[in-house]
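Observations on the three-dimensional arrangement
The primary structure of each chain is shown beneath.
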Amino acid sequence: MKAAVMHEVGKPLTIEDVQVSKPGEREVLIRTAAAGVCHSDVHFWNGTYPFPLPAVLGHESAGVVEAVGSMVSHVSPGDHVITILSPFCGTCEYCLTGHMSVCATQNPKATTRTREEQPRLSLRGQPITQYLNLSSFAETMLVHENAVAKIRKDMPLDRAALIGCGVITGVGAVFHTARVEPGSTVAVIGCGGVGLSCINGAALAGASRIIGIDLQQSKLDLAKKFGATDIVDASKEDPVAVVRELTGGGVHYSFEAIGLKTTAEQAFEMLRATGVATVIGMLSPEVKLEISGLDLLGQEKHLQGSIMGSNRFRVDFPRLVEFYMQGRLKLDELISSRIKLTGVTDALRNLEENRGEVARQVILFD
């Protein structure tokens, strides 16, 4: 198969012939239809998050099942699927207590091949790292069966791909992690793809006031289309002060969707007493947050993280597809451009250099 291979940090990805193994007992071979280029890919490409190389990046994808292992029961050849970077084993403490989204980080061996087994991907006879259990910047993907969810076949796959990361991260954080209540107030810091999905999710949850915060006017304009009732240009105003004024003391829920120390701390500061701040953005590994101990204790404010929207993706993905087909989940508006695999390096550069101007660039495979 053709795949975009990363050999060095910050250097162009090269389109090469990568060998893919046959499906094991619980593995699924997927013909990739579409893959979104996400900020998370940039974090690994530019070295913010170290990763063993060479590797094939990409993790936000959808496609069609080509072959399955002998013990696979969830999908069959011909099924349309959305992938996810957080597969679950189904037997560990986290899965059994309803926290499937952290299984992949706490129990990674359950859904990957051992060193003694043939690698899923190889290049010129040498193993190549599978990125986040998927490696979507490739014509095919070989994944564990618990990394896919079957969806209806009339769902456009270029839009379905977005559900697999950016959309579930934003909407899931609203529904599952924070559990936003109808009539409550919400602030979202960062109106990129994840933040816009968070705003959309807050609107679906019935929030009475949704405040979108960003530095770029184009993003704030999009925030209104996704359901924001108010917008704050953080390049001109203190977002904490404005949010407190708009809501009479602070919001019930805030979401940080950028991944910066300052904005994560602002999310906590703009809460009212008993409010909940949820950090969605990918903070750099060395970042330490500073919050007021008095506010934490005396006002019972909450600060929490959310990985992949605390998802139950085999339930969530089909439901989100239904929301889209009903016109209630906005996906078309998230796509900035559709590109070929050969344009993936330029897409990564666009995200890194024009962070405020690009929502989602989607790779389409023939």
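Structure: above.
Right, let's walk through the structure included here. (Residues numbered from 1 in each chain as written. Predicted model: local features only at pLDDT ≥ 70, side-chain atom pairs only at ≥ 80, totals over all residues. Heavy atoms only, no water.)

What follows deals with the environment of His176. Take His176: it is sitting in helix α4 (residues 157-178). Classification of His176 by relative accessible area gives buried; the value is 18%. His176 sits 133 residues away from Gly309 along the chain, and the two C-alpha atoms are 6.7 Å apart. Residues within four places of His176 in sequence aside, it is in contact with Gly309, Ser310, Asn311, Arg312 and Asp316. (Helix = DSSP H or I, 4+ residues; strand = E, 2+ residues; numbered from the N terminus. Buried < 20%, exposed > 50% of the residue type's maximum accessible area, 1.4 Å probe, protein only. Contact = heavy atoms within 4.5 Å.)

With that settled, the discussion passes to a negative patch on the surface. Together, Glu237, Asp238, Glu245 and Glu269 line one region of the surface with negative charge. Position of Asp238 relative to the elements: it lies in the loop between β15 (230-233) and α7 (239-247). (Patch = residues over 30% accessible without salt bridge, like charges linked within 9 Å, V, L, I, M, F, W, Y side chains within 5 Å. Areas by Shrake-Rupley, 256 points an atom, 1.4 Å probe, with all protein chains shown as cover. Salt bridge = Lys/Arg side-chain N within 4 Å of Asp/Glu carboxyl O. Lys, Arg positive; Asp, Glu negative; His and termini not counted. Charge placed at Lys NZ, Arg CZ, Asp CG, Glu CD.)

Moving on: helix α10 (residues 313-325). An ideal rise of 1.5 Å per residue puts 18 Å on 13 residues; α10 measures up with 18 Å between its terminal C-alpha atoms. Those residues of α10 that sit buried are Phe313, Asp316, Phe317, Leu320, Val321, Phe323 and Tyr324. Seen from one end, α10 has its buried residues packed into an arc of 160°, which puts them on one side. Looking at the buried side of α10, the elements it contacts are β7 (80-83), β12 (148-151), α4 and α5 (193-204). Positive backbone phi, at 85°, marks Gly327, one or two positions downstream of α10. (Expected span 1.5 Å × (residues − 1). Arc of directions from axis to C-beta.)

With 12 residues, α5 extends 17 Å between its outermost C-alpha atoms, agreeing within 8% with the 16 Å of an ideal straight helix rising 1.5 Å per residue. Burial analysis of α5 places 10 of its 12 residues in the buried class, which makes it a mostly covered element. In this structure, the buried residues of α5 make contact with α4, β13 (185-189), β14 (209-214), α6 (217-226) and β16 (251-256). Just downstream of α5 lies Gly206, where phi reads positive at about 90°.

Moving on, we come to the sheet that holds strand β1 (residues 2-6). On the basis of which strands lie adjacent, the open sheet formed by four strands has the order β2-β1-β5-β10 and mixed pairing. Both edges of this open sheet fall to β2 (14-17) and β10 (129-130), since each of them pairs with a single strand only. The pairing of β1 with β2 spans four bridges and is classified as antiparallel. In the strand pairing of β2, Ala4 is matched with Ile15. (Pairing = 2+ DSSP bridges.)

Geometric values such as these leave the question of function open.
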